[in-house]
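Next come the chains, spelled out residue by residue.
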Amino acid sequence: MKIRPLHDRVLVRRLEETTKTAGGIIIPDTAKEKPSEGIVEAVGNGFRAEDGKIVPMSVKEGDKVLFGKWSGTEVKLDGETRLIIKESEILGVVEE
């Protein structure tokens, strides 16, 4: 299934949280936190400013982004969970 977010929304695939600490301790599923890092899969056109012009998005497909733990709305697409978040909820873009 293909989805195109509207306006200033972004479709993000969460990155998997590590299952082992640096010291080698395995973290059980019940103790894991929701990852707050993901890859942008699709972006909307942008938001409409007060003067009526469309302001383009700052992020693009393929960007690795950081967002709050409880940001966005989870949706199921083809059996996989994705997030739809507003661009303003994205805290930053990870540049490697």
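Presented here is a report on the structure given in the accompanying data block. Residue positions within a chain follow its written sequence, with the count starting from 1. At least 70 in pLDDT is required for a residue's local features to be given in this predicted model, at least 80 for side-chain atom pairs to be given and counted, and no such filter applies to totals for whole chains, interfaces and linings, which use all residues. Processing note: side-chain calculations cover all non-hydrogen atoms of the structure and skip hydrogens and water entirely.

### Observations regarding the overall build of the protein
Okay, step 1: Looking only at helices and strands, the protein has zero helices and eight strands in total.
Okay, step 2: Going from N to C terminus, the protein has its helices and strands arranged as β-β-β-β-β-β-β-β.
Okay, step 3: The contact definition used throughout considers only heavy atoms, calling two residues in contact when any of these lie within 4.5 Å. Considering only residue pairs separated by 6 or more positions, the protein has 62% of its internal contacts joining residues 24 or more positions apart.
Okay, step 4: Total accessible area on the protein stands at roughly 6,900 Å², and carbon and sulfur atoms take up 52% of it. Only DSSP runs of H or I reaching four residues or more are called helices, and only runs of E reaching two or more are called strands; each is numbered from the N terminus. In this description, accessible areas are obtained by the Shrake-Rupley approach with a 1.4 Å probe, and a residue is regarded as covered only by the protein chains that are shown.

### Focus: the nonpolar core
Okay, step 1: Buried residues of nine kinds, namely Ala, Val, Leu, Ile, Met, Phe, Trp, Tyr and Cys, make up a nonpolar core once their side-chain atoms join them within 4.5 Å. Each residue is placed in one exposure class: buried if its accessible area under a 1.4 Å probe, protein chains only, is under 20% of its type's maximum, exposed if it is over 50%, and partly exposed if it falls in between. Counting residues in each nonpolar core, the largest one holds ten residues, listed as V10, V12, V40, M57, V59, V65, F67, L83, I85 and I90.
Okay, step 2: Where this core is concerned, the elements lending two or more residues are strand 1 (9-14), strand 5 (64-67) and strand 7 (80-86).
Okay, step 3: When sequence neighbours within four positions are dropped, the list of residues in contact with V65 reads V12, S36, E37, G38, V40, V59, I90, G92 and V93.

### Some points on the pattern of salt bridges
Okay, step 1: Within this document, salt bridges are pairs made up of a side-chain nitrogen of Lys or Arg and a carboxyl oxygen of Asp or Glu, the two lying within 4 Å of each other. For the coordinates displayed, the defined rule picks out seven salt bridges.
Okay, step 2: Residue R14 pairs with E74 through a salt bridge whose shortest N-O separation is 3.6 Å. Here E74 lies in strand 6 (residues 73-77) and R14 lies in strand 1, a separation of 60 residues in the sequence.
Okay, step 3: Among the residues examined, E74 registers a relative accessible area of 41% and is labelled partly exposed.

### As for the pairing of strand 5
Okay, step 1: Where burial is concerned, the two faces of strand 5 differ: the one with V65 and F67 is buried and the one with K64 and L66 is not.
Okay, step 2: For two strands to count as paired, DSSP must find a minimum of two bridges between them. The sheet contact formed by strand 2 (residues 37-43) and strand 5 spans three bridges and is antiparallel. Residue pairing in the sheet places G38 in a bridge with V65 of strand 5.
Okay, step 3: Relative to strand 8 (residues 90-94), strand 5 runs antiparallel, the two being bridged by four bridges. Note that in strand 8 the partner of V65 across the bridge is V93.

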